[in-house]
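Now for the letters of each chain:
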Amino acid sequence: MDSLDGTYVKKFEAEVTATFPGIVELDQTAFYHLGGGQPADTGELVWQGGGGRVVDVRKKNRIRHMFEGDLPDVGMKVKGNLDWERRYSHMRMHTSQHLVSSVVSERYGSDTVGNQIAADKSRIDFKPLKLGNTELNMLQDEVNQVISKDLKISISESERSDLENNPEIRSSMSSGLWKMLPSSVTRLRVVKIGDIDVCPCAGTHVRSLSEIGNVEFFKKDNKGSKKVRLSYRLVD
Ligand SMILES: [Zn+2]
């Protein structure tokens, strides 16, 4: 097993399977690794008589915890503690991104061509999109109206072939990254928001839209060739 299922896991126990200078590998982990526009988790690993900080997490065949401190021995039991406030912000931000992408796709037919999530602010690139300030305000109202419906988020697995033939999947995603996965990948993790959005995604998400609060767009940049970057933060 290389990752714990269940995105609300804040603490876990694991066994050290390998170490390298500055790197710890575990038999299981709740740390999210960098990917899909979502930053890696940070936190700590502690064990009897020692411990240190996880400052980054990367996946390259195996999940590597970038570690600051004296290394544990292979075979040791360790406890992992995530920096939960930061990670929970990423979950709220990531679910917001899916929601905004869905509403913009529905209303303007624009594809999501990029996104970067962070704990304090996030951004999404759309193409093609042209948006005045009044329209941006309307979009914000519409997004927050959907949030107030408190739709539930579900995470499941689907056959890749079913997804490729599903017209409900946002056009951004039908031309998106997941199609570039090797053909050996036949099942994909899918994140659904109520009945309004279906998106193949490996990221972490909240269970219900009410956890987001409100989305506030604070910046709109025209990036040329019909590309628009919308920056947002979350307010209560
Ligand atoms: Zn996602």
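Residues numbered from 1 in each chain as written. Predicted model: local features only at pLDDT ≥ 70, side-chain atom pairs only at ≥ 80, totals over all residues.

### Focus on the domain arrangement of the protein
Applicable threshold: Where each domain starts and ends follows an automatic or database-derived domain assignment. Here, residue contact means that the backbone-derived C-beta atoms of the two residues sit within 7 Å.
In terms of domains, the protein is made up of domain 1 (11–82) and domain 2 (89–235). Here the C-alpha centroids of domain 1 and domain 2 sit 29 Å apart. Taken residue by residue, the interface counts six residues in domain 1 and 10 residues in domain 2.

### Observations concerning the sheet that holds strand β12 (residues 214–224)
Formally: Any two strands between which DSSP finds at least two bridges are classified as paired. For helices the rule is a DSSP run of H or I covering at least 4 residues; for strands it is a run of E covering at least 2, with both sets numbered from the N terminus onward. Inter-axis angles, ranging from 0 to 180 degrees, are taken between N-to-C directions of lines fitted to C-alpha atoms, where helices are fitted over the stretch in contact.
As summarised here, the arrangement of the four strands in space is β7-β8-β13-β12, forming an open sheet in which the pairing is antiparallel. The open sheet has two free edges, formed respectively by β7 (111–116) and β12, since each of these has just one partner strand. Neighbouring strand axes in the sheet, compared pairwise and without regard to direction, differ in orientation by 25° on average. As defined by bridge partners, strand β8 (residues 122–127) adjoins strand β13 (residues 227–235) across five bridges and the pair is classed as antiparallel. Within β13, the residue paired with S122 across the bridge is Y232.

### A short note on the sheet that holds strand β2 (residues 23–26)
On the basis of which strands lie adjacent, the closed barrel formed by six strands has the order β1-β2-β5-β4-β3-β6 and antiparallel pairing. Strand-to-strand twist in this sheet, taken as the mean axis angle between neighbours without regard to direction, amounts to 45°. Bridge count for strand β3 (residues 43–47) against strand β4 (residues 50–60) is five bridges, and the pairing is antiparallel. For G43, the partnering residue across the bridge sits in β4 and is V54.

### Structural notes on the nonpolar core
For the record, the criterion: Put simply, a nonpolar core is buried Ala, Val, Leu, Ile, Met, Phe, Trp, Tyr and Cys residues tied into one set by C-beta atoms within 7 Å. Neighbour density around each residue's C-beta defines its exposure: 20 or more other C-beta atoms within 10 Å make it buried, 12 or fewer make it exposed, and counts between make it partly exposed, where C-beta atoms are placed from the backbone.
Core analysis: the biggest nonpolar cluster contains 25 residues, and V100, F126, V143 and C199 have the highest contact counts within it. Going through the elements one at a time, α1 (84–108), β8, α2 (133–148), β10 (187–193), β11 (197–200) and β13 are the ones with two or more residues in this core. Per element, the largest residue contribution to this core is four residues, and it comes from α2. Within the second largest apolar cluster, 14 residues are counted, among which are V16, A30, F31 and L82.

### Notes on unusual backbone geometry
Between K127 and the following residue, P128, the backbone shows a cis peptide bond with an omega angle of -10°. Relative to the elements of secondary structure, P128 occurs in the loop between β8 and α2. In this structure, N61 is a non-glycine residue whose phi angle is positive, near 65°. Tracing the chain through its elements places N61 in the loop between β4 and β5 (62–68).

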